[in-house]
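# A look at the structure
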Amino acid sequence: TWCRSCLFVSSLVRVIRPRRVVCTMSSSSDILRPLREAVKEQGDIVRRLKEEKAPSQDLQKAISELKTRKKALEDKEKSMLPKGAFNRPGLEDLVKRRFFYAPAFSIYGGVAGLYDYGPTGCAMKANMLSLWRSHFVLEEQMLEIESTSLTPEPVLQASGHVERFADFLVKDLQTGECFRADHLLEGTTYLFNDVCHL
């Protein structure tokens, strides 16, 4: 059985652990911040030179410097990863270079969440659908339907989704991640209630 002080200590550990992780993340972001700012600054210079139609030698120098700064940032990020850690940026770069997929409409700036699949990506997607069908349709004897992926706005207005749903988003200024405000409040009140009910 747990005594009252043990329960209090275990609840404190649950509350303190996330803070420790956040501190580690903020210290790594503090280390990377100057490098990221240097890349952004040089990117702005390259854009400005392109807009001003600067001489090609100046533009090539600026682009070379931008590549050097990006490489320094990537090297620092890689050196900060724990040994044997999953390298997500490396995997994303590989699948884009081998054209598994690419952001849709990328020559026009791209659209978030929409992708074009290359030959290997198409084959992989077809294999996944085939595996899904063999399990659910053939083995589980479920019926398959196909409907549109996009919903026109009049349908969402008629169903009440436009009027009723107004989820507020908040953005973490350090990491740039967005969260639903109600989910953050639920998580905070859960931790608060957990500590107070000891």
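That block above? That's the structure.
For the structure given in this document, a descriptive report is provided here. Along every chain, residues carry numbers that run from 1 in the direction the sequence is written. Local features in this predicted model are restricted to residues whose pLDDT is 70 or higher, and side-chain atom pairs enter the listing and the counts only when it is 80 or higher, whereas totals over whole chains, interfaces and linings include all residues. Heavy atoms from the whole structure form the basis of all side-chain values; hydrogens and water molecules are not counted.

## Notes on the side chain of Gln-42
Note the following rule: Numbered from the N terminus, helices here are DSSP runs of H or I no shorter than four residues, and strands are runs of E no shorter than two. The cut-offs for exposure are 20% and 50% of the maximum accessible area for each residue type, with area from a 1.4 Å probe on protein chains only; residues under the lower value are buried, those over the upper are exposed, and the others partly exposed. We call two residues contacting when some pair of their heavy atoms lies within 4.5 Å.
By the element assignment, Gln-42 lies in helix α1 (residues 4-51). Under the relative-accessibility criterion, Gln-42 is labelled buried at 6%. Residues contacting Gln-42, with those up to four places away along its chain left out, are Ala-62, Glu-65, Leu-66 and Arg-69.

## Some thoughts on the pattern of salt bridges
Any two side chains of opposite charge can pair if their charged atoms end up close together. As a reminder of what qualifies: A pairing counts as a salt bridge when a side-chain nitrogen of Lys or Arg comes within 4 Å of a carboxyl oxygen of Asp or Glu.
Counted by the stated rule, this structure contains eleven salt bridges. The shortest N-O distance in the salt bridge between Arg-69 and Glu-65 comes to 2.9 Å. Pair noted here: Arg-69 and Glu-65 are both in helix α2 (residues 56-80), with a separation of four residues, about one helical turn. Two residues, Asp-93 and Arg-97, come together in a salt bridge whose shortest N-O distance is 3.1 Å. With Asp-93 and Arg-97 both in helix α3 (residues 88-97), this residue pair falls four residues apart, about one helical turn. The class for Asp-93 is partly exposed, based on a relative accessible area of 41%. Because the salt bridges share partners, they merge into one network encompassing Lys-40, Asp-44 and Arg-47.

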